[in-house]
Every structure is written in C-alpha cells, then in structure tokens.
Amino acid sequence: MNKVNVFGHKSGTLGKVNKVFEIETGLQLVVQNSGYSSGQRAHPQVGHFTQVAFDQSGQRLLAADHLGHFYLFDFGRGRFEHVLHTRHPCTALSFGLRDRRQFLAALADGDVRLLAIGQSGSGPASELATLSGHSAAVTGISPHSGGRYVLTTDPDVTLLWDVDARSRLRRLSVREDVQLLLASFVPTRNLILTAFRDDSLFLWDSETLQCRGQLPTPPPPLQLSGLSTGAEAELGPRYRSLDFTPDGRQLVACGQTRQVHVWDLDSLQMARVLELPASVGMQLCPLRQVAFASSPDAVRSVNLPETEADAGLNSSSSAQHQRRSLALLAVAHSGGVVCVSLGAGGGRSSGATLTNRLQSADSHVTRLAVTKDRLALVNSGQLLIHCLTTALRPESARAAMSDRAAANAAAAAAAAADAAAWPATEPVTDRTDRTAATATDSGGDTGRTYTIVSVSPTKSSKQQSQQQQQQQLPQPQPLNRKRLRAILQEFGQFPGKYRLLIWKTLLQLPENTAAFNALYNKGIHPAFLTLQDRFPLRSNKLGRVLQRSLSCVAFWSPLFGEADYLPLLAFPFVKLFQNSQLHSMEVLMTVLTNWCGHWFEYFPNPPLNILAIIENLIAYHDKELYAHLCARGVTSEILAWPLLQTLLTEVLTREEWLSVWDCLLCHPPGYLLYFVAGFTLLSRGPLLRATEVREFELYYRQPGCLGARDLVKQARQLRTRTPAEICPCRLLPAFAPLGGPQYPLFNRYPVFIVDYQVRERDRLREEERRYLEERRALETAQRRSETQRAEEAAWCRQQELLLAAEERRRAMLAQEETTLREQRRQLAAEQRRARVDELAALTAQRQRLRALQSRHRQVEAQRLGDQLGRRQRQTTAADLEDDIIDDEADGLDDDYDDNGSPGLMPQSGGASAGFGLVSELEGVCQDNGRLEADVGRLLDRLQAARDRLKTSGSAAVRKQKSGLNAGTAASLQAAVAAAAANAEGHDDDDATTTTSQSSY
C-alpha cells in the first residue's frame, strides 16, 4: 500500500498515486500526519486532517489539520507541499474563485482568509485579504459559479462578499430561535439555498434576494414507510448535509434517519425518498453527509456538512451530466461510506441501488471530497485517496463461507453480526432491487405525491450464483433466547459491538412512538426537578436524558415519582441507551414491570415478599451463615435490599455488571434473586468474620472482590439445587414485554398509600411553593429596603464628598492666592533689584567713561606743555616786531576774554541738582571741544610767529621777542592748568552724583 507521512516535511513525493492497491474500494494513497516534534521524543504528535477540498482541475487537493497546517497535494506532479500554518484550526475550505490559484480558508476565530498559491501552482501560500465580520466560527463557504461572489455562513448569520473588491455586500440574518445550517449558491443558476436547523429549506433569488419559495418538508418516516423504526420517526429528518446535482436541478439532503430526500428545484416539489439499508451503520443509521459523483467532466468538491457550489460547470457540461448516470455517496454517522447509483440523470423514474460499501460501519469517516476521477476521505484523521471509477463499481463477489466455519463456535458472532446488519423486524430474505411505495405529503396538498425507494444491493449474475451456493449452506437462525444462552455459555458475554441490539431484541421493545411522545411532551416531573442537584453527573447530556426518562416513567405511573431509589436503579440502563431517549425509557419500563414488578406491594416499605424468598434461599443453602446473620441482627433489608435497589451496580464494575445482565436478560425475571442470594453465599468468609451491623452495611455498599463469572456460576448452581417450593422462577411470573401501541398500566402497589403520599407531597409542594413565594417576596422587600438604604447612604456619602471637595477647593484657592501674592512680591523685589543693578552698572560705565576722558585731557595737556617747552627752547628769533608781538598778545588776550575757558569760569559750588548726568556729560564734551579749538588756534599763531621770527635777524628784536614768548608761554600754561582743574572739578561732581544715586 502506498503510504505517505507528511508530518514535519515541507515537501515530498506521493509515490505511485495512479496505482490502485485495493480492488474493492479503489484505494490509491494513504496520507498520515504523525511523528515526533523537535526536542520531544517521549510522546508522538498526531495531526488529524479536518478539512479537504479539490481545486477546479481536480489535480490538486488542499487538506488542513487541527493544528493549523495546510498541505497541497499535486497528483499531476506526484508531490506534496506544506503551504501554510495558522494559529487557529480551519473550519471550512473552498476553491472555485476566478483565479484558480486562490482559495478561501475559514478559521476557528471567525475570520475568512483569501490566500493564493505561488505563480507556478506551488510554494507557500500568501495572504491576499482577511474577510472579517463573523462573531462565530464559519461553518460553510459557497462561491458563486462565476467565482466573484462568495457566501460565508455561521450558525447565526450569512455574509455575501465580493471577492474581487474584498468587500462585504450584504448581511443576511436569521431569527434568534433558529440556527442556520448552511447558505449555498445553486450551481449554474442564480439561486441561493438556505437550510435551517428546524429542517426548513428556502430558495432565494441571488440578484434581488427575493424568496422564490419553500421546499416541502417530508412527513415523519413512520408515515412514509413501514421499514422505518419508531425512533427514526421520533428524531425526524434533522438535516445535517445537503448537495446539488451538477446541473443544479435537484437537491439531496440527509440527516438523522436512513432516508435521503431528493427535491426537484424547478417545481419546488419532493421528487423521491431513498431509504438506505440498516447495514450502512449502527442502530438508527444516522447519515452525516452526502455528495454527488457524476460524469468524468464534473468537478465537485464538497466540505461537509457544509456544501460548496460548483464553480466549473456551464450549460454544455450540464447537458452531459443529464446523459450520464449519477451516484450518491453517503457517509453514516458511525463512519461507514456507501455508494448508491441513482440511474441516468438522477430523474424521478431512475433506479436507486446500493452498489458498493467503501468503508465499513466501524470506520470513522468525517469528511468527503469528490472530483472527476478521485475521491478523498478523512478517516480517523488520515487522508485516504480512492480512484473514483473503481469506487463506484459494484462490489465483487465474496468467497462463500465454508461448512466448517458456519458450524463452529464463531457462528454466534456471525449471527450477531447478521442481526446488526439486518434488524429482527426486517428478516434477511431475498428482496427486490427496488421496492416503491407512494405516500401523500402531510403538508395539506393531497394531489402531490412522491416515491419512496428502498435501496437494496444489486445482484449480478455472479452474485446470484454465489447466493444460490450460499442457500445450500446452513443458514443462520434468527435470534432467540435459547441460542443466545448458548452463546453466553460459550463466551461469557455478548459482543460489546452488538450488545444494545441484542438487549433490545431480548426485551422486545415495542417502540411506541406516539405513547412516548405523549409522556415526553409533559415535560419534567415535579419529583425530578432537582435531580441534577441531588445526583450531579459529569455529563450534562446524560443528566438530561436521565431526568427525562425518569419523568416519563413517573408520568406513566405515579408510584415511580415517590420511589427515592429509582435514579440509582435506572442510571445504568439510561447511560447505556443515552443516545436514544425512546429506548432508554422503554428499557427502564420493561425492567420495572418484569424484574421489579412485585417490589412495590408493600410500598413504601421494602418488598418483604421478595426479601423473604432471598432469605429462604440463604437459609436453605447455608444454614451456618444464616444463623450467624440472625445472631448478629442482620436482616434481609441489610443484605439483600441494597443490592436490589441498585441492581448490583454498587458491588460490580461496569464490565462485570454488563456480563451479569447479559445472563439475566436470557433467563426469567426471578433469576435476579439467585444472583442476590449468590452474592451473599460467595461472601461467606467476610460475613462470618463481621460482628457489627455497620460492617454488614458497608460490605453491601462498596465494590467487592467477586467476579462476574463466579457470580453467574453460583446463580446456576443455586437454580439447579433449589427445590421448586422456594424457586424464585416459579414464584414470580414469567417475562412479559410491554407491547403496543400503548404502554400497559402498572398498578401493583397500594394505591391508597401512593395516592396519599402523592397528595401529601403535592400539599407539601404547594406549601413549599407558597413558602418560597412568601420568602421570595420577603427577600425582595428586604433587597428593596437594603437597596434604598444603600442608595440613601450612597447619596449621603456623595453629599459629604461634595462638601469635602468644596472645602478642599476653597483651601486650594486660598493657598493659590497666597502663593500668587508671595510670587508677585518676590517679582517686585526682583524688579527693584534689577533696576538698581542696571542703574549701578550705568553709573559705573559713566564713571569709567569720564575717567577715560579725564585721562585723555591730562595726556593732551601734558603733550601741549611739552610741545610749548620745546618751542620755547627752540625759539631764538629776536627780530619779531613789536607791533606783531603786541597785536598777537592783544589778540590772544581778547580771545580769552571773549570766549572764556571753561576751566577759568567761576564755579557755582558743584553741579546743580536740576542738571542730569547726561547734560553734564554733554557740557564736558563741549568744553573739551572748545579747549581743543583754542589750543589749535594758539598753535597756529605760534607757528606763524615762529616763521616771522626766523626772518628777523636783529638781536634786539629776538631779545624782546624772547621776553614776549616767555609771557605768552606763561599765559598758555595758565590756560592748560585751568582746563585741568576744570576737568577735576567735573570728576568730583560726577562722584557726588553717583553717591547720591546710590543712597537713593
């Protein structure tokens, strides 16, 4: 067999993908996903494939596992690649878009991702967009045949997307009380189908979204065909999967029954009903999903239970599909897969035959994908690739069973298998290939009929010859108690796979659906309203089934509403038949009427008659033990009644209890007392060592060390050794089934006592109800008063908080105001200090400027004095004329007298207070300018005199001139000294002014 393990591999080869390794099923390839993670070698990691989808060409398959890994299988190239890994598992997959490289993947967080494979059709997938809008996990993706629009569905809403624009167009909501199963485009037609959990189907126009009509819902299966069981009628269709024919003209749906419903979408009428044989699966054979497989031109990819629209069909291919024969692939809830041929075109008059079983009923197929030449199945997490042509062929003939194999001890298991495949209500006989019956729809339209087709296996010539050979062999006999006892004696117990079916056959359950519905619709019995509080169970489903079953039994007979030990007695049977409410209730009723029928004659006391029989058995078979029990005060209420109340569940394990009841169901009801007495006799040693009553009570309330085989063997010995006068099987009545169509009355109890207890219980319940109402009213008033007090206290606290906040606000304002005043004061002081510093800097600058000017004046005066001394020493001309000297001297004196030197002017005793520093500085500058001008004029005149003296040669003149020059020099020196004194006077005035400013 060709096997490939993709765990931990980025890519690899697929081997011989076109070779068929199993002729019966056409198996070509098995893909596994298990191995060891890096760094973890202790426990292997297994990846279960959950979603599969073929692309439009049918040559590539995309599969996703529960760990978020996506693998692309290319059958054309014979290779696989790991293309994507997400943090959330995938809930739906779909190709069918315009770009064949693109696909849609819905994740468990509610997002739908648009992804694309590489340009070459391989390589990692890149994310193009994320379509967000769902609050729950998306369960279905359906692209339009054009590839542009897509419908995504979750249980509450359906969204219509434009894939090209990556935008959401419409939001299609549903009622809150009904969940949505799927919404799908109809192939090659502008229609949308919506299916709801209440089995209602609607067709809508995809352009206008106007309702085109509702498809009729079929009547319950019991009204359609006598082949359906009562439990199937109880369940109803409960559609789980739907699919279309490639041309979009017919719709097929399957659910919790063996029936497959087919509608004609042109007339909006039901075309026919296909009823699959019980061999498809176990018990009621609920179907998980269906898919069409048609001509090689068709490419279908169905991720079930969601249905995807076909994107690769056109009008020409639709015509080819009508000329080709259609096959329906059905997956049972138990995991089996069968192929049913629908005939040419799948029309109303075409045949429907079971052609092949691809997987047995014990398989675990959960997903199915179909293409033109391949079939992909997800079985137990593995991916199985089948050749579709081989898979659709009828089954090959099987080898006949030998005479020795039919006669040996394994015939028991074969008989059980035959019973499981064909129920006892339908004997295994030669059936016609097609049994049709016409039924009228109960919806009110009496003129509309459809056909119920019972699908049976096809019989080729080779199979017919083989059947004739098998008829000559010993045929398996129908099940009966005698044969089952022989099987039980040989193997010790019934096969676990067929135990439920054998038990139902032995108990002869009538499956009274109408009577069951009448009891079931009454709701929860008042005695079991608090059952889950008294008996908490881990499984909520099991708790609900137990509560419903006990309620039905209590409504059937008021006695069982008063028996407080009934939940302990009913629990093992309800747990065993928890998947069928009808069967669990009928099994419990059968056990109560047969094995517990005489327990209630002394109600509410223990069954003294039954306990006396058990006590007689113990006294007869072990007198010493009986005497010890009597001496210790141990009665049958301690050693037998606890075992009867729980039907041995507290002292046996699950497997041992099933083995014991396999034996009990094959014998009369009185056989149970042998097991109870046998348990005490087998416990002889521990009981003889016990001395206190409490030790005996504990022993009968905990699991012991006794095995089922020992207990069964002891019961058989007791039956053979017990005399007839104390034999329970003779004292108690034989087994009597419930019968139908109504359940029998159960009145083997003191009616007046039970009625009195019922009345008292009703009275107490009514008083309790009134008490609870008054208590609730009081609690409501207390809560209201407490609420008012709390509101008042909260209001007071709020007011106090407001006042405290107001006080804090005022304090903060006052503090801020104080702070602001202090800041303003500091700012004013800083401003004053800055003003004083500025004035001091200005004064210092002025002083430096005046000192510099005074120094310049002194230097200039010194320079002038030096220059005059040099001139005086150099002047030797004596020929200066008297008139020139006089004129010069007179002119000089006049100039000084007229202009006046600032240094020789009388001072007013210091600078006036009215003059500013600036005006004083300007006056000093003006004086300096006048002084410089005077000195310049003097120098010019001295130069002119020196020139004239040079021309004069007379000694007398020079002598006279020398005297005159000496006088003139003296005058100049006096003028310079006066200017210096004037400058010093100004400096003193400036110092005085600065001192006064500083003091200010």
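Please refer to the structure placed before this passage.
Here the structure is a predicted model, which is why all the values come from computation and not from measurement.

## Details of the overall build of the chain
Then comes step 1: Per the secondary structure count, the chain includes 28 helices and 34 strands.
Then comes step 2: Counting the 1000 residues in the chain, one finds 47% classified as buried.
Then comes step 3: Within the chain, residue pairs in contact and separated by at least 24 positions form 63% of the contacts whose partners lie at least 6 positions apart.
Then comes step 4: As presented, the chain carries roughly 49,200 Å² of accessible surface, and 51% of it is formed by carbon and sulfur atoms.

## Things to note about the packing of helix α20 (residues 671-682) against helix α23 (residues 708-721)
Then comes step 1: The interhelical angle for the contact between α20 and α23, taken along N-to-C directions, is 110°, at an axis separation of 8 Å. Judged by the angle between their axes, α20 and α23 are roughly perpendicular. Seen along the crossing, α20 lies across α23 with a hand that is right-handed. Between α20, through Tyr-671, Tyr-674, Phe-675, Ala-677, Gly-678, Phe-679, Leu-681 and Leu-682, and α23, the contact on the second element is made entirely by Asp-710, Leu-711, Val-712, Gln-714, Ala-715, Arg-716, Leu-718 and Arg-719.
Then comes step 2: For the contact of α20 with α23, the per-class residue count stands at 11 nonpolar, 2 polar and 3 charged.

## Regarding the sheet that holds strand β14 (residues 140-143)
Then comes step 1: In spatial order, the strands read β14-β15-β16-β17; together these 4 strands make up an open sheet with antiparallel pairing. Since the sheet does not close on itself, it has two edges, and those belong to β14 and β17 (167-173), each with one partner. Within the sheet, the average angular offset between the axes of one strand and its neighbour, ignoring direction, is 20°.

## Digging into the sheet that holds strand β3 (residues 27-32)
Then comes step 1: Pairing is mixed across the open sheet formed by 5 strands, whose spatial order is β1-β3-β32-β31-β30. A strand with exactly one partner marks an edge of an open sheet, and here the two such strands are β1 (3-5) and β30 (365-370). Across the sheet, the axes of successive neighbouring strands diverge by a mean angle of 20°, strand direction being ignored.
Then comes step 2: Across 4 bridges, β3 lies against strand β32 (residues 382-387) in antiparallel orientation. Paired with Val-31 across the two strands is Leu-383, which belongs to β32.

## Digging into the pattern of salt bridges
Then comes step 1: Considering all chains together, one arrives at 30 salt bridges under this definition.
Then comes step 2: Between Arg-77 and Glu-81 there is a salt bridge, with its nearest N and O atoms 3.2 Å apart.
Then comes step 3: Taking the shortest distance from any N to any O, the salt bridge between Asp-622 and Arg-684 comes out at 2.6 Å. Linking Asp-622 in the loop between α15 (608-621) and α16 (623-631) with Arg-684 in helix α21 (residues 684-689), this pair joins segments that are 62 residues apart in sequence.
Then comes step 4: Since its relative accessible area comes to 10%, Asp-622 is described here as buried.
Then comes step 5: The class of Arg-684 is partly exposed, set by a relative accessible area of 29%.
Then comes step 6: Through salt bridges with shared partners, a single ionic network connects Arg-98, Arg-148, Asp-162 and Asp-164.

What counts and what doesn't
- Residues numbered from 1 in each chain as written.
- Predicted model: local features only at pLDDT ≥ 70, side-chain atom pairs only at ≥ 80, totals over all residues.
- Heavy atoms only, no water.
- Helix = DSSP H or I, 4+ residues; strand = E, 2+ residues; numbered from the N terminus.
- Buried < 20%, exposed > 50% of the residue type's maximum accessible area, 1.4 Å probe, protein only.
- Contact = heavy atoms within 4.5 Å.
- Areas by Shrake-Rupley, 256 points an atom, 1.4 Å probe, with all protein chains shown as cover.
- Axes fitted to C-alpha atoms, helices over the stretch in contact; angles between N-to-C directions.
- Parallel < 35°, antiparallel > 145°, perpendicular 65-115°, else oblique.
- Left-handed = near helix turned anticlockwise from the far one by under 90°.
- Nonpolar A, V, L, I, M, F, W, Y, C, P; charged D, E, K, R; others polar.
- Pairing = 2+ DSSP bridges.
- Salt bridge = Lys/Arg side-chain N within 4 Å of Asp/Glu carboxyl O.

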